[in-house]
Amino acid sequence: MREDNQWRLDFTVMIEAIRFGRNNQWRLAPGYAGPYKFGFLDLSFDQNGYPYPP
């Protein structure tokens, strides 16, 4: 989020939306439909939430 000309992280959404696997690869929590979903529209996700190119 951009606020006062600076980027701010939304830790609450990060906690709800992002998970990490055993190899520290990030994935999106299943069913995530929060306010930042627009940032992931160019990606496809497997059944476990891991991104891959469309």
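Structure's up top.
These numbers were taken from a predicted model, which means no experiment stands behind them.

## Observations regarding the overall build of the protein
Step number 1: Looking only at helices and strands, the protein has one helix and six strands in total.
Step number 2: Expressed as lengths along the three principal axes of its C-alpha atoms, the size of the protein is roughly 35 × 25 × 20 Å.
Step number 3: A burial count over the protein gives 17% of its 54 residues as buried.
Step number 4: When contacts within the protein are restricted to residue pairs at least 6 apart in sequence, those whose partners lie at least 24 apart make up 16%.
Step number 5: Within the structure as shown, the protein displays about 4,600 Å² of accessible surface, and the carbon and sulfur contribution to it stands at 55%.
Step number 6: Each charge class in the protein was averaged separately, 6 positive and 6 negative side chains, and the resulting centres sit 7 Å apart.

## A word on the packing of aromatic side chains
Step number 1: Per the stated rule, a full pass over the model turns up four aromatic pairs.
Step number 2: Where W26 meets F45, the ring centres are 6.4 Å apart and the plane angle is 70°; that geometry is what we call edge-to-face. Of the two residues, W26 is situated in strand β4 (residues 26-28) and F45 in strand β5 (residues 44-45); the sequence distance between them amounts to 19 residues.
Step number 3: Among the residues examined, F45 registers a relative accessible area of 25% and is labelled partly exposed.
Step number 4: Seen from their ring centres, F40 and F45 are 6.2 Å apart, and the 65° between their planes marks the pair as edge-to-face.

Reading guide: rules and limits
Residues numbered from 1 in each chain as written. Predicted model: local features only at pLDDT ≥ 70, side-chain atom pairs only at ≥ 80, totals over all residues. Heavy atoms only, no water. Helix = DSSP H or I, 4+ residues; strand = E, 2+ residues; numbered from the N terminus. Buried < 20%, exposed > 50% of the residue type's maximum accessible area, 1.4 Å probe, protein only. Contact = heavy atoms within 4.5 Å. Areas by Shrake-Rupley, 256 points an atom, 1.4 Å probe, with all protein chains shown as cover. Lys, Arg positive; Asp, Glu negative; His and termini not counted. Charge placed at Lys NZ, Arg CZ, Asp CG, Glu CD. Phe/Tyr/Trp six-rings, centres within 6.5 Å; stacked < 30°, edge-to-face > 60°.

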